[in-house]
Amino acid sequence: MGTKYKRKIIVKPKIEWRYFIVLAITILICTGVCYYAFLFVLQNVSGIEQLNPETVKSFKNAYIGGFLWIIFVFALFVVIQSLVYFHRLIGPLFFFEKVMKKVSGGDFTTRMHWRKGDTTKELAVLIGQVIDNTKASVLEDRRKIEEAVAAMDAGNKDKAKEILSTATKWCITEKPSENKKE
């Protein structure tokens, strides 16, 4: 990956913002449910009616303040952890997309890289193998074409046909059942 991409935190804004919006909504819903559940328990605990109203109000205010701090710390932890995890997931996908654009344009000089801790190392290895195998096949086919052209120039048409018949045999382009008409 180029250095300008390593410094970016948000490399796929559409996906990442959607994820953070869903995360924020989830945190808000969970916060509301927890807040009202604990408040309900607090208001309905046995013996609360024996306390004077000022003490109950003080207790509720302390509860609200403590609850908000806990939720703030929890939400901050979840957001930071999600940023790190999501960056380790989306960053490589962004790079894979760039590599595949180059490969689909015929550039097989690109190499696959991954960072320590990326969650997509296996995918990077497989994409690298696809690139290497395809590049090797193209180079082998080019060599066969040159050999066939040399055979044609020498007037040996049968040898040229034989050489060309072995080109790209490693690549399956259609399912075997599609070849047979029943």
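In this text the structure is predicted, and so the values were computed from the model without any measurement. (Residues numbered from 1 in each chain as written. Predicted model: local features only at pLDDT ≥ 70, side-chain atom pairs only at ≥ 80, totals over all residues. Heavy atoms only, no water.)

Engineer: Lay out the pattern of salt bridges in plain terms, naming residues and giving numbers.
Structural biologist: Across all of its chains, the model carries four salt bridges by this definition. A salt bridge links Glu 97 to Lys 101; its shortest N-O distance comes to 4.0 Å. With a gap of four residues between them, Glu 97 and Lys 101 both fall in helix 3 (residues 53–104), about one helical turn apart. Of the charged contacts, one joins Arg 143 and Glu 147 as a salt bridge, the two residues approaching to 2.6 Å between their closest N and O atoms. (Salt bridge = Lys/Arg side-chain N within 4 Å of Asp/Glu carboxyl O. Helix = DSSP H or I, 4+ residues; strand = E, 2+ residues; numbered from the N terminus.)

Engineer: So what's going on with a nonpolar patch on the surface? Residues and values would help.
Structural biologist: On the surface, a cluster of nonpolar side chains totalling about 640 Å² of accessible area is made up of Trp 69, Phe 72, Val 73, Leu 76, Ile 80 and Val 84. Of note, Phe 72 is situated in helix 3. Phe 72 gets classed as partly exposed once you look at its relative accessible area, which sits at 49%. (Patch = residues over 30% accessible without salt bridge, like charges linked within 9 Å, V, L, I, M, F, W, Y side chains within 5 Å. Areas by Shrake-Rupley, 256 points an atom, 1.4 Å probe, with all protein chains shown as cover. Buried < 20%, exposed > 50% of the residue type's maximum accessible area, 1.4 Å probe, protein only.)

Engineer: Explain the nonpolar core to me, using residue names and the numbers behind them.
Structural biologist: By size, the foremost hydrophobic cluster in this structure holds nine residues: Phe 95, Phe 96, Val 99, Val 103, Phe 108, Met 112, Ala 124, Ile 127 and Ile 131. Elements with a contribution of two residues or more to this core: helix 3 and helix 4 (121–153). Ranked by residue count, the leading element in this core is helix 3, at four residues. In terms of nonpolar packing, the next biggest core, distinct from the first, is built from six residues, Tyr 35, Leu 42, Tyr 63 and Ile 71 among them. (Core = buried A, V, L, I, M, F, W, Y, C linked by side-chain atoms within 4.5 Å.)

Fair warning: the whole summary comes from geometry, so function is off the table for now.
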